Amino acid sequence: LLLAMPLISGCSIERLAINSLSGVLAEGNSIFERDNDPELIAEALPFSLKLMDTLLLEQPDNVDLLLAAASGYVFYCYSSVSLEAERISGRDIDAARAMRARASNLYLRAHEYAARALAVDYPEISATLSSAPESALQQIRAGSQRTIEMLYWNAASLGLAIASARNEPALLARSGEVEALLNRAFELDDTWDEGSLHEFAISSASLTGIDLDAIDMHFEQALDLSDGKRAALFVAYAEATAVPRQDRIAFIDLLERALAVPVESFPELTLVNTVAQQRATWLLGQLDMLFLE
């Protein structure tokens, strides 16, 4: 027994370390969210993401860690890979195509983690979610914060993967799954996270096929729930409505509203507001490409 004690103690210490580190990473997004340097975060995130990949080999059913990994991959990909692909698409088509393929792959990795998180709490859903999403999701009866978060990250990661892949028939066929996940989240709690569901409905409008009037409604509800402190809401609404309507004045006004959001007043939204304002600035430089005189 005395000889075995160091081995037992070592295993316990290792397990304790893994559990502690998992908890820190799962709750550590606030450290990133309060940073005002997206480039720094984009450089730092890959290490954290790979560390979460490793820890999930030890704790495959850790829902908090699965959701942290899913959201981390989505943010990293959106804020660096996807945006860069869009920025270079006008001058290097092949490089942009390769970057979009990489983005789709990373979003699908995020979706794998989000789907695994959902399967931990609702194992009976996984088998039929892709084939009959609406009926499968009706098995979720209660809308806890964790449940809505799982539905959101499943919808967001899959929707972004489809948007990045563009002409991949296998992925395009899953658009109904994104819509079903979002609709079920709305049914359970449409006020979740100060209007994040409504904001995602706006940004994914081209994928789910909702009309401009419905987008207007989502914008008003998201604006009310968020109290106007999310710059990304104005950017998403400008792209989803002002461009199709060819309303250049409304487009500029919405982007200026995004730029007017005082980042320092909402520290928990520092990073996402900074990224959104960078995109607003870039979009203002694309006016002649987006609007016909």
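Keep in mind the model is a prediction, meaning the values are calculated, not measured.

A. Main features of unusual backbone geometry. Here E194, not a glycine, exhibits a phi torsion of approximately 55°, which is positive. Among the residues examined, E194 registers a relative accessible area of 33% and is labelled partly exposed. Located in the positive-phi region is Q246, a residue other than glycine, with phi close to 55°. Judged by relative accessible area, Q246 falls into the partly exposed class, the value being 35%.

B. Representation of helix α16 (residues 270-284) in the model. For α16, spanning 15 residues, the distance from its first C-alpha to its last is 21 Å, which sits close to the expected 21 Å at 1.5 Å a residue. Along α16, the positions that sit buried rather than exposed are T270, L271, N273, T274, V275, A276, Q277, R279, A280 and L283.

C. Quick look at the side chain of S175. Relative to the helices and strands, S175 is located in helix α10 (residues 175-189). Accessibility expressed as a relative area gives 14% for S175, which makes it buried. Here L172 takes part through its backbone oxygen, which lies 2.8 Å from a polar atom of the side chain of S175. Excluding residues that lie within four positions of it along the chain, S175 makes contacts with I162 and L207.

D. Region of interest: the packing of aromatic side chains. Applying the stated criterion across every chain, the model contains seven aromatic pairs. On the numbers, 5.0 Å between centres and 85° between planes, the contact of Y152 with W153 is edge-to-face.

E. Representation of the packing of helix α14 (residues 231-242) against helix α15 (residues 248-260) within the structure. Taken N-terminus to C-terminus, the directions of α14 and α15 make an angle of 170°; their axes are 8 Å apart at the nearest point. Classified by the interaxial angle, the pair formed by α14 and α15 is roughly antiparallel. Listed contacts from α15 to A231, F234, V235, Y237, A238, E239 and A242 of α14 are A250, F251, L254, L255, R257 and A258. For the contact of α14 with α15, the class distribution of residues is eleven nonpolar, no polar and two charged.

What counts as what
Starting from 1, residues in each chain are numbered consecutively following that chain's sequence as written. Local features in a predicted model are, by the rule used here, given only for residues with pLDDT of at least 70; side-chain atom pairs are given and counted only at 80 or more, and totals for whole chains, interfaces and linings are based on all residues. Only hydrogens and water are set aside when side-chain values are computed; all heavy atoms of the structure are taken into account. Only protein chains enter the accessibility calculation, which uses a 1.4 Å probe. A residue is then buried if its area is under 20% of the maximum for its type, exposed if over 50%, and partly exposed in between. The way it works is that DSSP assigns letters per residue, a run of H or I at least four long becomes a helix, a run of E at least two long becomes a strand, and they are numbered from the N terminus. In this scheme, a helix's expected span is set at 1.5 Å multiplied by one less than its residue total. Here a polar contact means two N or O atoms within 3.5 Å. Within protein one must be a hydrogen donor candidate and the other an acceptor candidate, and residues neighboring in sequence count only if both atoms are side-chain atoms. We call two residues in contact when some of their heavy atoms are within 4.5 Å. Any two rings among Phe, Tyr and Trp, with Trp reduced to its six-membered ring, count as a pair given centres within 6.5 Å; such a pair is stacked if its planes are under 30 degrees apart, edge-to-face if over 60, and tilted if neither. To define axes, lines are fitted to C-alpha atoms, for helices over the stretch in contact only, and angles between the resulting N-to-C directions are given on a 0 to 180 degree scale. Here roughly perpendicular refers to angles of 65 to 115 degrees, roughly parallel to angles under 35, roughly antiparallel to angles over 145, and oblique to all remaining angles. Amino acid classes used here: Ala, Val, Leu, Ile, Met, Phe, Trp, Tyr, Cys and Pro are nonpolar; Asp, Glu, Lys and Arg are charged; the rest, including Gly, are polar.

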